[in-house]
Amino acid sequence: MTFLVPELTQNGFEHISFFYDRKTAIKAIVSIHNTSLGPSLGGCRFYPYASTDAALKDVMRLSEAMTYKAAVADLPLGGGKAVIFGNPKSDKSPEKLKAFGSFVERLGGAYITTVDSGTTSEDMIHVQSQTSHVVGVSSKHGGSDDPSPNTAIGVFEGIKACLETQFGSPEIKGRHFAIQGIGNVGYRLAKLLRQAGAKLSLADVQEEKLKVACKELDADQYTTESIFSVACDVFSPCAMGGVISQESLGRIKAPIIAGAANNQLADASVAKAILEKNILYAPDFVINAGGLIHVALDLKILNMEQIEEKTRKIGQTLKTIFERSKATTTPTHQIAIEFAKEKLH
Ligand code: NAD
């Protein structure tokens, strides 16, 4: 964990907690990056991390991105995130989720948890039994439910802004999209695009699910690697982070990268390489803010009408970022961070 101290100080993290519960053997980390605009909020990821270092790195980067996401979306919230070690298919249990709820409760409201990869709105019912600092709980238990549909709507709006910037028209009909990951967000996004007349190429590690989706949406089926090289208009990462690297960028043929995945860029140098390749990149924490906007309903920060309006505004925010990027020849990712920092100050 040698990187921890420099990362903490350089990037201004406020608090990191490691939790272990003897009874259930659950191991979790909560990272609170910044609470200057409000309590930190971010999903809880259940994932079989290869090492503690890998989990720590992931939770810290994700919590920092949540700070920027909330700031750019003009929400009175800070950035936080949680990770639970384990395979969500075999290791998750109501007892572990309850233990996680008690960890969150111990943080006294500085961190509000919600759904992320490997957790569901149903899981949040168990978390809610131990803490009130949870949003996105199943509607059967009074919550705002799964944020994924609104994330997909926000990405769809963002994609229209990308098309308009790159091609002069937001028209989706006839455009070709390559989507990597057809989970909660990716599948819904694919459906929205297909309904608008798009041609689709899809990839997922879950082959059976992929086959069914391709048949339903009249899409071409690709492997998780071959999807990068599809000659299309938009490459849309909707699975895990870190997929845009110097290496994968060499294979991407699309002039636009716009998708839901968090932390898409493998490292900071990729942002510059994207600009040099004349690819338009929609910064992840701007285009995927629909989920965060949705859970603001539970906190009574926004009503339904305001949620719809804010989600539509994602496209406008992206256009402003693209204009500033063009005027200053600066990567869109860097401009988006500058935008967030201006709001934080
Ligand atoms: P999910 O777990 O439901 O879906 C991810 C999908 O990607 C799964 O179908 C999985 O099989 C597939 N996958 C995993 N590795 C892959 C690979 N290498 N290649 C192709 N497919 C792969 O997750 P989700 O909720 O749809 O979220 C997707 C991404 O969007 C995540 O990075 C998440 O953090 C981010 N995000 C989600 C939301 C939300 O509201 N759910 C909000 C903001 C950001």
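Criteria and cut-off values
- Residues numbered from 1 in each chain as written.
- Predicted model: local features only at pLDDT ≥ 70, side-chain atom pairs only at ≥ 80, totals over all residues.
- Heavy atoms only, no water.
- Helix = DSSP H or I, 4+ residues; strand = E, 2+ residues; numbered from the N terminus.
- Rg over C-alpha atoms; globule rule 2.2 N^0.38 Å.
- Buried < 20%, exposed > 50% of the residue type's maximum accessible area, 1.4 Å probe, protein only.
- Contact = heavy atoms within 4.5 Å.
- Areas by Shrake-Rupley, 256 points an atom, 1.4 Å probe, with all protein chains shown as cover.
- Expected span 1.5 Å × (residues − 1).
- Pairing = 2+ DSSP bridges.
- Axes fitted to C-alpha atoms, helices over the stretch in contact; angles between N-to-C directions.

Caption draft 1: Highlighting the overall build of the protein. For the protein, the count of helices and strands is 13 helices and 11 strands. A globule of 345 residues ought to have a C-alpha radius of gyration of about 20 Å, and the protein, at 19 Å, matches this closely. Scored against the burial criterion, the 345 residues of the protein give a buried share of 55%. At a minimum sequence separation of 6, the contacts of the protein that also span at least 24 residues come to 64%. Summed over its atoms, the accessible surface of the protein is roughly 14,700 Å², and 51% of this surface lies on carbon and sulfur atoms.

Caption draft 2: How the structure looks around helix H13 (residues 332-344). A rise of 1.5 Å per residue sets the reference length of H13, with its 13 residues, at 18 Å; its end C-alpha atoms lie 18 Å apart and thus fit the reference within 8%. All of the buried residues in H13 are Thr332, His333, Ile335, Ala336, Ile337, Phe339, Ala340 and Leu344. Close packing links the buried residues of H13 with strand E2 (27-34), helix H2 (52-72), helix H9 (269-276), strand E11 (280-281), helix H10 (284-287) and helix H12 (304-328).

Caption draft 3: Representation of the sheet that holds strand E4 (residues 78-85) in the model. In space, the five strands of this open sheet follow the order E1-E2-E4-E3-E5, with mixed pairing throughout. Since the sheet does not close on itself, it has two edges, and those belong to strand E1 (15-20) and strand E5 (111-115), each with one partner. Pairwise comparison of adjacent strand axes, ignoring direction, gives a mean angle of 20° for this sheet. Alignment of strand E3 (residues 40-47) against E4, held across six bridges, turns out to be parallel. Among the inter-strand pairings, Phe46 is bridged to a residue of E4, identified as Ile84. Contacts from helix H3 (residues 94-106) reach E1, E2, E3, E4 and E5, with the element oriented near 150° to E5.

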